[in-house]
Amino acid sequence: MQPVNIHLANILQKILSTHFEVDHSFAQIQKSDRPDLADYQTNCALVLAKQLKTNPRALAEQLIAHWPKDDPTHITIAGPGFINFKLTDQQLVSTLNQQVSSTFTNQEVANQTIVFDYGGPNVAKPMHVGHLRSSIIGECLKRLYQFAGAKVIADIHLGDWGTQMGMLIVGLHQQHPDWPYFNQNHIGPYPQQSPITLADLETLYPKISAACKEDSDLAEKCRIATQELQQGRPGYLALWQHFIDVSISAMKKEFNRLGVSFDCWFGESRYQEKLQPLVDLFRGKKVAEICDGATIVEVEEPSDNKPMPPVILQKKDGGFLYATTDLATIDERIQDFKADQIIYVVDNRQALHFEQIFRAAEKIGWHVPWTFVGFGTMNGPDGKPFKTRAGGVMKLKDLIDTLTATAKERLLNAERDHNFSDQERQQTAEQIGLAALKFADLQHDPKQNYQFDIDKFMRFEGKTGPYLQYAAVRIKSLLAKADLNTEKTSLQLPSSVPNAARDLLLHLIRLPEVLNETLKHNSPNILCEAAFQLAQAFSRFYNEAPVLTETDSALKEFKLRLCQQTYKTLKVYLDIIGIDIPARM
RNA sequence: GUCCUCGUAGUUCAGUAGGAUAGAACGUCGGAUUCCUAAUCCGAAGGUCGCAGGUUCGAAUCCUGCCGAGGACACCA
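Residues numbered from 1 in each chain as written. Chains lettered and ligands numbered in written order. Predicted model: local features only at pLDDT ≥ 70, side-chain atom pairs only at ≥ 80, totals over all residues. Heavy atoms only, no water.

S.K.: Explain the pattern of salt bridges to me, using residue names and the numbers behind them.
M.R.: Counted under the stated rule, the structure contains 31 salt bridges. The residue Asp441 makes a salt bridge to Arg133 at a minimum N-O spacing of 3.0 Å. On the criterion of sequence distance, the pair formed by Asp441 in helix H14 (residues 422–442) and Arg133 in helix H5 (residues 130–147) is long-range, its members being 308 residues apart. For the pair formed by Asp441 and Arg133, the shared burial category is buried. The salt bridge involving Glu355 is made with Lys306; its shortest N-O contact spans 3.4 Å. Taken together, the residues Glu355 in helix H12 (residues 351–363) and Lys306 in the loop between strand S8 (294–297) and strand S9 (311–314) connect sequence positions 49 residues apart. Since its relative accessible area comes to 23%, Glu355 is described here as partly exposed. Under the relative-accessibility criterion, Lys306 is labelled partly exposed at 41%. (Salt bridge = Lys/Arg side-chain N within 4 Å of Asp/Glu carboxyl O. Helix = DSSP H or I, 4+ residues; strand = E, 2+ residues; numbered from the N terminus. Buried < 20%, exposed > 50% of the residue type's maximum accessible area, 1.4 Å probe, protein only.)

S.K.: Got a sec to walk through the sheet that holds strand S5 (residues 113–117)? Specific residues and values, please.
M.R.: Read from one edge to the other, the open sheet built from 4 strands follows the order S6-S5-S10-S11, with strand pairing classed as parallel. Each of the sheet's edge strands pairs with one partner strand only, and the pair in question is strand S6 (151–155) and strand S11 (370–375). If you compare each strand with its neighbour and ignore which way they point, the axes differ by 20° on average. With 6 bridges joining them, strand S10 (residues 341–347) and S11 adopt parallel strand pairing. Across the sheet, residue Tyr344 finds its bridge partner in S11, namely Phe372. (Pairing = 2+ DSSP bridges. Axes fitted to C-alpha atoms, helices over the stretch in contact; angles between N-to-C directions.)

S.K.: Hey, could you go over the protein's contact with RNA strand B for me, with residue numbers and the actual values?
M.R.: Around RNA strand B, the structure places 68 residues, and the nearest of them are Arg34, Phe82, Arg416, Tyr470 and Tyr542. Phe26 has a polar backbone atom sitting 2.9 Å from a base nitrogen of RNA strand B. Gln448 is positioned such that a nitrogen or oxygen atom in its side chain is 3.3 Å from a sugar or linking oxygen of RNA strand B. Secondary structure elements with two or more residues in the surface near RNA strand B: strand S2 (40–42), helix H2 (44–52), strand S4 (82–86), helix H13 (396–413), strand S13 (450–451), helix H16 (465–482) and helix H19 (524–544). For the surface near RNA strand B, the element with the highest residue contribution is H16, accounting for 7 residues. Of the residues assigned to the surface near RNA strand B, the class counts are 30 nonpolar, 18 polar and 20 charged. (Near = heavy atom within 4 Å. Polar contact = N/O pair within 3.5 Å; in protein donor to acceptor, adjacent residues only side chain to side chain. Nonpolar A, V, L, I, M, F, W, Y, C, P; charged D, E, K, R; others polar.)

S.K.: Would you mind going over the packing of helix H6 (residues 163–175) against helix H8 (residues 216–230) in detail, with residue names and values included?
M.R.: Contact geometry for H6 and H8: axes closest at 7 Å, N-to-C directions at 110°. Accordingly, the angle class assigned to the pair H6 and H8 is roughly perpendicular. The element H6 and its partner H8 pack so that their crossing is right-handed. In this structure, H6 contributes Thr163, Met165, Gly166, Met167, Ile169, Val170 and Gln174 to the contact, and H8 contributes Leu218, Lys221, Cys222, Ala225, Thr226 and Leu229. A class-by-class count of the residues in the contact of H6 with H8 yields 8 nonpolar, 4 polar and 1 charged. (Parallel < 35°, antiparallel > 145°, perpendicular 65-115°, else oblique. Left-handed = near helix turned anticlockwise from the far one by under 90°. Contact = heavy atoms within 4.5 Å.)

As structure tokens, then:
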């Protein structure tokens, strides 16, 4: 399958190279900025004219004079030298037919093994909205790369080995000094069943964490407990395993509800054994050095125009850091997973950290194409990080529950409740709530902060997830009534194509270029914008051109096939975004 | 202090090969339902693209300075 823009670009490129001897980078075709004049356009004459110091309009004339006579595209020159392309209706229809009968792949990523690092929740801490962006964006990119033909591996990269573990151990010791986990002389196995629940941990953690800030002796105790855990004290390890078990089972439920899944549930603890050998390797190769007792890697380069602190691999007390674990993780991903690329979906604030890490990796001779997809904060209407009305951190579960409850109310009040069973109503409401949440996030450039106004997104109107779902649901309902033969999928050009249908066709054939563009920038908002525009084009078509009552049978068939393809295309977009299409709404 | 990101309609955001009339959603105002789901559609009003210079035939886009917001900066993650 060849997207139209690529088809046109190929012709352009051939002309440019044979008649103008310029490199192919000039052969770019884009969607027209003036839909009233054209479908696609190229600005290459303007750009090239500058370089060749000639008149852009004359250059455009020369250029299209070489356009192959058998290509039916209608070409015009406008303004200072824009070259405009208008496709024939037949071209649109056959492009769509071709698109339907072939599978999309992106040559750059097809057959690559790509590791995605996202989610990154911490054991024993409740998931809050801060984890939402990483999870939603990461999941979306993973699905996109998979759709484009890559072999993807999603790793949650659990925070399970830091100081918070020592804090929890000390906290529990204070509450239950009699538990066998704290008794150094305890002989025999520890209880199989966890004596604590996740709820216990979630209340304990903020308390002990706050207490440590006040009390430096307590903080020191926690540090020691962490160290003992890391050195393998059996009672602590047994207790720690309970933390992991209760946390993971809760996380699995939450991620499952969100539609986010991982292939690996690896945590930082996985690399514990590998950290000292890793430091030794860096030292052995003289990449690392000792400075003030700590082992560091200098990663500054002469070309830097900003301060670039060294990476600290090992603290002077012998402890390891985030950086050490991250490097060990990279090593495994390259050596064992044979990763061709690693994509990190992590908070923007960690940009410097990852730049340091990858410089260190380069210095030791690991050459991994890596991509840091940094995302901004999710802010409340006040422009500050999103909080509950009471001012606390909002738990993910509460957020989803709120949205679901609103959706449910809407289903009941708007007389849209199709005699739903309680179960179907709940499920539909949840699908709608999640669609609103995900689309609100993904429609924004991930790099930027965005403002999440819960009241606004609970209205479910306009540029929202539910709008896209609604369009899909209407098509589904329409197709069900039409009793369409679904084995056949191709469209046959009718004697005349209504304007709204032509516009819809144009949006449908953009699918491959939209996917490619989204991949190129790792920006789901590009895909979301296109999906929204497709749904808009459909809604317009739906209002202007009644399908089922169409009397011209060829035109009716054409319209139905168009609806069918719109549904399929919309579903491709929504599947990547992670939005379910309800049966009814 | 140094560096990074950002400043576009009343609001939230799109908009990088420098290019045609700066787009969308919400909100406001006006209209559409004997007809496939009105969570829909159509129309209107609304902009000195933070400010000031510069480069260019042409700048929201590139350069410089200033103002404003957020963030990062060696033993936390």
